[in-house]
Amino acid sequence: VQLQASGGGLVQAGGSLRLSCVASGSGFVVGQMAWYRQYPGQQRKVVATITRGGTTNVADSVNDRFTISGDNDKNTVWLQMNNLKPEDTAVYYCNSGLWYEGGYRNYWGQGTQVTVSS
């Protein structure tokens, strides 16, 4: 199982980006997908989560600007980020909890850099 994240880049403050993450492989069932972000020298912190049933949770600091959505059939999660601010600059990571090989396992995708210029 692999998670492939994409969609990061450089954007001016006030702009938008849409991050995507696809879980690929076979024999798994996604339980939850999430986006985290990490500032230099700090631990990753959750930004938003979505369960297989569609329940979402977005961090208070961004819930007026970020939206998480997903497609179970495509094993894909998106993070729509609007009105971006310089403090949103970070490496964003996709995460998934999924059932695979008899257990519930946690997977990480590679990070995607988001840079917001002022």
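Before reading further, recall that the structure is shown in the block above.
Along each chain, residues carry numbers from 1 onward, in the same order as the chain's sequence is written. In keeping with the predicted nature of the model, local features appear solely for residues at pLDDT of at least 70, side-chain atom pairs appear and are counted solely at 80 or more, and the whole-chain, interface and lining totals rest on all residues. Computation of side-chain values: all heavy atoms of the structure, hydrogens and water removed.

## Re the overall build of the protein chain
Helix and strand assignments follow DSSP, with helices taken as H or I runs no shorter than four residues and strands as E runs no shorter than two, numbered in order from the N terminus. For the protein chain, the helix and strand inventory stands at zero helices and eleven strands. Starting at the N terminus and walking to the C terminus, you meet the elements of the protein chain as β-β-β-β-β-β-β-β-β-β-β. By its C-alpha atoms, the protein chain is 45 × 25 × 20 Å across when sized along the principal axes. Within the protein chain, buried positions represent 39% of all 118 residues. Of all intrachain contacts in the protein chain linking residues separated by at least 6 positions in sequence, the fraction that spans at least 24 positions is 54%. Summed over all atoms, the accessible surface of the protein chain reaches about 6,300 Å², with 44% contributed by carbon and sulfur. Under the scheme applied here, a residue whose accessible area is under 20% of the maximum for its type counts as buried, over 50% as exposed, and between as partly exposed, the area being computed with a 1.4 Å probe on protein chains only. The contact definition used throughout considers only heavy atoms, calling two residues in contact when any of these lie within 4.5 Å. Areas reported here follow the Shrake-Rupley algorithm with a probe of radius 1.4 Å; residue values treat only the protein chains shown as occluding.

## Description of the side chain of threonine 49
As for its position among the elements, threonine 49 is in strand E5 (residues 45-51). With residues up to four places along the chain from it excluded, the contact list for threonine 49 reads Gln32, Met33, Ala34, Thr55, Thr56, Asn57 and Ile68.

## Observations concerning the pattern of salt bridges
Any two side chains of opposite charge can pair, so long as their charged atoms come close to each other. What counts as a salt bridge is simple: a side-chain nitrogen of Lys or Arg found within 4 Å of a carboxyl oxygen of Asp or Glu. Evaluation of the coordinates by the stated rule reveals two salt bridges. Across the pair aspartate 88 and arginine 37 runs a salt bridge whose closest N-O atoms are separated by 3.0 Å. In this pair, aspartate 88 is assigned in the loop between strand E8 (76-81) and strand E9 (90-100) and arginine 37 in strand E4 (residues 28-38), connecting sequence segments 51 residues apart. Judged by relative accessible area, aspartate 88 falls into the buried class, the value being 0%. Salt-bridge contacts for arginine 65 lead to aspartate 88; the nearest nitrogen and oxygen are separated by 2.7 Å. One end of the pair, arginine 65, is in the loop between strand E6 (56-58) and strand E7 (66-71); the other, aspartate 88, is in the loop between E8 and E9, with 23 residues separating them in the sequence.

## Considering unusual backbone geometry
Non-glycine residue asparagine 75 carries a positive phi angle of around 50°. As for its placement among the helices and strands, asparagine 75 is situated in the loop between E7 and E8. Residue asparagine 75 is classed as buried on the basis of its relative accessible area of 18%. Even without being glycine, asparagine 83 reaches a positive phi, approximately 50°.

## Thoughts on the sheet that holds E8
Should DSSP find at least two bridges between two strands, the strands are taken to pair. Spatial strand order, E1-E3-E8-E7: four strands in an open sheet with antiparallel pairing. Two strands bound the open sheet, and with one partner strand each, they are strand E1 (2-6) and E7. Taken pair by pair, the neighbouring strands of this sheet meet at an average axis angle of 15°, ignoring direction. Direction of pairing for strand E3 (residues 17-24) relative to E8: antiparallel, over a ladder of six bridges. The axes used here are C-alpha line fits, helices contributing only the stretch in contact, and every angle between their N-to-C directions lies in the interval 0 to 180 degrees.

## Let's talk about the nonpolar core
In summary, soluble globular proteins display a tendency toward joint burial of nonpolar side chains. Met33, Trp35, Phe66, Leu79, Met81 and Tyr92 are the most contacted members of the largest nonpolar core, which totals 29 residues. For this core, the secondary-structure elements that each account for two or more residues are E1, E3, E4, E5, E7, E8, E9 and strand E11 (112-117). Contacts of leucine 79, omitting those with residues within four sequence positions, involve Leu17, Arg18, Leu19, Trp35, Val47, Ala48, Phe66, Thr67, Ile68 and Tyr92. We call a set of buried residues a nonpolar core when its members are Ala, Val, Leu, Ile, Met, Phe, Trp, Tyr or Cys and they connect through side-chain atoms within 4.5 Å of each other.

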